[in-house]
Amino acid sequence: MKRVVIAGVSGAIGAALAQAMLDQNPDSQVVGLCRVPDRAPAALQEADRVTLAAWDAVDSGSLASVTKALSSVIPAGEGIDTLVYAAGLLHSDNMFPEKRLEDLSADAMGRAFAVNATGFALLVRALMPWLRHRELKRIAAVSAKVGSITDNRLGGWYAYRSSKAALNMLVRTLAVELPRRCKPVACLALHPGTTESALSEPFRKSLAQLTVHSPEQTADHLLNVLRAVGAGDNGRFLSWDGSELPW
């Protein structure tokens, strides 16, 4: 994993993944995408092997600036070998996980789908010229176990659950098409486990009974999974420990 694009690099998991890739591979080149590059960790802003580019999952027009920035450091002919979609939205100032049907909001649902699902597919579409080389490509979408339809026994969290389920379906659909166009490829959905982050902060009390990982631990877990996969793992939904999750 030497030529890497990480979407959501200003978030806890995305930032930790970028830093871990830099630390563990002295030859790696990371292109980090986020809405406001100035909000990325200072270490990434100052790193010689990191290029930060403005990108907004809800604005497909921002993809033009992404491909322009990527072209400046990694030519399309050289290609990227790893794409990690670590952008995600669970809550915001005017959006919170629904506890009951009456809490549903069309605006919240639309925004959750844009960030958690649609943005991933549109980014892969934009980066197709960088995926046509003959080396193994790892395309990983950071999903969530609560996006598993089979595993849903608690209900609630309508926007987040359904948007992550949509992300999982996009992964499975891409896993069918991409081998015909840019093999070898492993397109995966990854569950990172519960991680200390702004996303999980409001639920600290309810997470007391769970094992909560630091962003750095989560990054190490996910990188271990990514290193172990090959083209034969295309289309899988894997947990942070490498185990299989139900769709």
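Cut-offs applied
Residues numbered from 1 in each chain as written. Predicted model: local features only at pLDDT ≥ 70, side-chain atom pairs only at ≥ 80, totals over all residues. Heavy atoms only, no water. Pairing = 2+ DSSP bridges. Helix = DSSP H or I, 4+ residues; strand = E, 2+ residues; numbered from the N terminus. Axes fitted to C-alpha atoms, helices over the stretch in contact; angles between N-to-C directions. Parallel < 35°, antiparallel > 145°, perpendicular 65-115°, else oblique. Left-handed = near helix turned anticlockwise from the far one by under 90°. Contact = heavy atoms within 4.5 Å. Buried < 20%, exposed > 50% of the residue type's maximum accessible area, 1.4 Å probe, protein only. Right-handed = clockwise from strand over helix to strand, strands pointing away. Phe/Tyr/Trp six-rings, centres within 6.5 Å; stacked < 30°, edge-to-face > 60°. 1 Å grid on protein atoms, 1.4 Å probe; cavity = no way out; pocket = protein on both sides within 12 Å on 5 of 7 lines; lining within 4 Å. Points joined across faces, edges and corners; volume = space filled by probe spheres on them. Nonpolar A, V, L, I, M, F, W, Y, C, P; charged D, E, K, R; others polar. Core = buried A, V, L, I, M, F, W, Y, C linked by side-chain atoms within 4.5 Å.

Peer 1: An account of the sheet that holds strand β6 (residues 185–191) is requested, with residue identities and associated values reported.
Peer 2: With respect to topology, 7 strands assemble into an open sheet ordered β3-β2-β1-β4-β5-β6-β7, the strand pairing being parallel. Looking at strand neighbours, the two that pair on one side only are β3 (50–54) and β7 (237–239), the edges of this open sheet. Here the strands of the sheet are splayed against their neighbours by 20° on average, with no regard to which way each runs. Alignment of strand β1 (residues 3–7) against strand β4 (residues 82–85), held across 4 bridges, turns out to be parallel.

Peer 1: Mind laying out the packing of helix α3 (residues 63–73) against helix α4 (residues 106–126), listing which residues take part and the relevant values?
Peer 2: Contact pair α3 / α4: the axes reach a minimum separation of 10 Å and the direction vectors enclose 45°. In terms of their interaxial angle, α3 and α4 are classed as oblique. At the point where α3 passes α4, the crossing takes the right-handed sense. In contact with Leu63, Val66 and Thr67 of α3, α4 contributes Leu122, Leu123 and Ala126.

Peer 1: How would you sum up the pairing of β4? Please name residues and give values.
Peer 2: Here β4 shows no split at all, with Thr82 and Val84 on one side and Leu83 and Tyr85 on the other all buried. For the handedness criterion, the β-α-β arrangement of β4, α4 and strand β5 (residues 137–142) is classed as right-handed.

Peer 1: Could you give me a rundown of the packing of aromatic side chains, with the residues and numbers involved?
Peer 2: Counted under the stated rule, the structure contains 4 aromatic pairs. Measuring from ring centre to ring centre gives 5.6 Å for Tyr85 and Phe120, while their planes differ by 65°; the resulting arrangement is edge-to-face. In this pair, Tyr85 is assigned in strand β4 and Phe120 in helix α4, connecting sequence segments 35 residues apart. Looking at Phe120, the relative accessible area reads 0%, which means it is buried. A connected cluster of aromatic rings, assembled from ring pairs, spans Trp55, Tyr85 and Phe120.

Peer 1: Residues and numbers for the layout of surface pockets, please.
Peer 2: Taken as a whole, the second largest pocket spans an internal volume of roughly 160 Å³. In this structure, the second largest pocket is lined by 14 residues; those nearest its centre are Ala15, Ala16, Gln19, Ala20 and Glu216. Mapped onto the lining of the second largest pocket, the elements with two or more residues apiece are α1 (12–24), α2 (42–46) and α6 (215–228). Partitioned by chemical class, the residues of the lining of the second largest pocket number 9 nonpolar, 2 polar and 3 charged.

Peer 1: Break down empty space enclosed by the protein for me, citing the residues and quoting the values.
Peer 2: The tally for this structure, following the rule as stated, stands at 2 cavities of 30 Å³ or more. By volume, the largest cavity is sized at about 50 Å³. The set of elements that each furnish at least two residues to the lining of the largest cavity consists of α4 and α5 (158–182). Quantified by volume, the second largest cavity comes out at close to 40 Å³. With 3 residues, α4 is the single largest residue contributor to the lining of the second largest cavity. Residues belonging to the lining of the second largest cavity are distributed by class as follows: 5 nonpolar, 3 polar and 2 charged.

Peer 1: Any chance you could break down the nonpolar core for me, citing the residues and the numbers?
Peer 2: Ranked by internal contacts, the top residues of the largest apolar core, which has 44 residues, are Leu33, Trp55, Ile80, Phe120, Leu123 and Ile139. Elements with a contribution of two residues or more to this core: β1, β2 (29–34), α3, β4, α4, β5, α5 and β6. Sorting elements by how many residues they give to this core places α4 first, with 8 residues. Sequence-distant contacts of Ile80, defined by excluding residues within four places in its chain, comprise Arg3, Val5, Leu70, Ile74, Leu127, Trp130, Leu131, His133 and Lys137.

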